[in-house]
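Read off the chains here:
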Amino acid sequence: MKSTSLISTIGLLLAAYVAVPLILGSNHYVMSMVVAALIIGGVALSWALLGNLGGMVSFGHAAFFGVGAYVSALTTVKLGLPVFAAMLLGGVGATISAVIMLPVLRLRGPYFALAILAYAHIFRIVATEWSSLTGGSGGVANIPALPTVFGVDLSGKTGAYLVVLTLVVCCALAYSRIRSSHYGIALRAMHDSEDATRVVGVNSTLLKGAMLLVSAFMAGLFGAFNAHYINFLEPDYAFNSLWVTLPIVAAIFGGYRTILGPVLGAVVVYLVDQLIFKSLIPTGHQLVLGVLLVAMIVFSPNGLLPLLRKLFKGKENTHA
């Protein structure tokens, strides 16, 4: 069973790295949509990690996304740091911003979610008002693009796709390792009874804090990538609430308790919305997404990926 799963995973990766650029590489518009979907998928993955392992619902991931974007953009523009090194610093910067949020771990449920949301607004205001550093509402222009590596121009649509796909794969692998570790088992046990896990010596606050930091690093990394992908940044865009709502919708639609579900949900939701619904219903096309999300919650509460797995297993049993 494990070997079958490994083979299917390798097959999916090969298709993603080879087939997609070959088939869609010449269509720059569609490739730009795929890149945007993977950015949303990466943030959705970081949100799902916090929700699934940390047991915390966040409405403030735009804070991590925006801080990561600004740190990476400013260190390249003002300090001349190489792009990939700056992107890693963007993730570190988002992690540091999460350290400031650690006191809210004492809150539970909606209080935690709203407190994190408040932090996101605070960072947006800081980015707007600290004009000497961030450029204020005018933003940061001429952000260095992704570099050329081994003769491959990563600033193009196909190159950017390969970079963001690699980031998603790395984050998914990290998520998988954490979930299967002793810490992951302890975190999942906390969902049933946090008090019981504390009795056996599990420091729940420390583990939750660690998940918040890891989640922030991931979201900041994708924010940093996005800054170098679009080459421009301003506060209302970097800290836009869409960087919260779209990943949440994608994670729930795809199956936030799985690893690949949030990414699959982002690709399906964003591409279907932008390439189909938007052309059919130019105004109000996102209402259709709301209907689809409600239908998914009603008929398959665990999301799209678990539903597909059930369908394929059913077909296998029928053939057997």
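Placed above this text is the structure.
Residues numbered from 1 in each chain as written. Predicted model: local features only at pLDDT ≥ 70, side-chain atom pairs only at ≥ 80, totals over all residues. Heavy atoms only, no water.

(A) Seen up close, the pattern of salt bridges. A complete count under the given rule lists 1 salt bridge for this structure. One salt bridge in this structure joins aspartate 236 and arginine 124, with 3.6 Å as the shortest N-O distance. Of the two residues, aspartate 236 is situated in helix 11 (residues 235–238) and arginine 124 in helix 5 (residues 110–129); the sequence distance between them amounts to 112 residues. Take aspartate 236: its relative accessible area is 46%, and that puts it in the partly exposed class. (Salt bridge = Lys/Arg side-chain N within 4 Å of Asp/Glu carboxyl O. Helix = DSSP H or I, 4+ residues; strand = E, 2+ residues; numbered from the N terminus. Buried < 20%, exposed > 50% of the residue type's maximum accessible area, 1.4 Å probe, protein only.)

(B) Broad picture of the packing of aromatic side chains. One pass over the structure, following the stated rule, counts 5 aromatic pairs. Ring centres of phenylalanine 225 and tyrosine 229 lie 5.8 Å apart, and the angle between their planes is 10 degrees; this geometry places the pair in the stacked category. One end of the pair is phenylalanine 225 and the other is tyrosine 229, both in helix 10 (residues 204–230) and 4 residues apart, which spans about a single turn. A connected cluster of aromatic rings, assembled from ring pairs, spans Phe65, Tyr237 and Trp243. (Phe/Tyr/Trp six-rings, centres within 6.5 Å; stacked < 30°, edge-to-face > 60°.)

(C) Focus on the environment of valine 269. You can see valine 269 is positioned in helix 13 (residues 261–280). A sequence separation of 15 residues divides valine 269 from glycine 254, and the C-alpha atoms of the two residues are 8.8 Å apart. Aside from chain neighbours lying at most four places away, what touches valine 269 is Val249, Phe253 and Leu289. (Contact = heavy atoms within 4.5 Å.)

(D) Up close: the nonpolar core. In terms of nonpolar packing, the biggest core is built from 87 residues, with Met101, Phe225 and Leu233 touching the most fellow members. No other element matches the 17 residues that helix 2 (residues 28–52) contributes to this core. Those residues in contact with methionine 101 that sit more than four places away from it in its chain are Ala63, Phe64, Ile116, Tyr119, Phe123 and Leu212. By size, the runner-up hydrophobic cluster in this structure holds 7 residues, among which are Phe253, Val269, Phe277 and Leu293. (Core = buried A, V, L, I, M, F, W, Y, C linked by side-chain atoms within 4.5 Å.)

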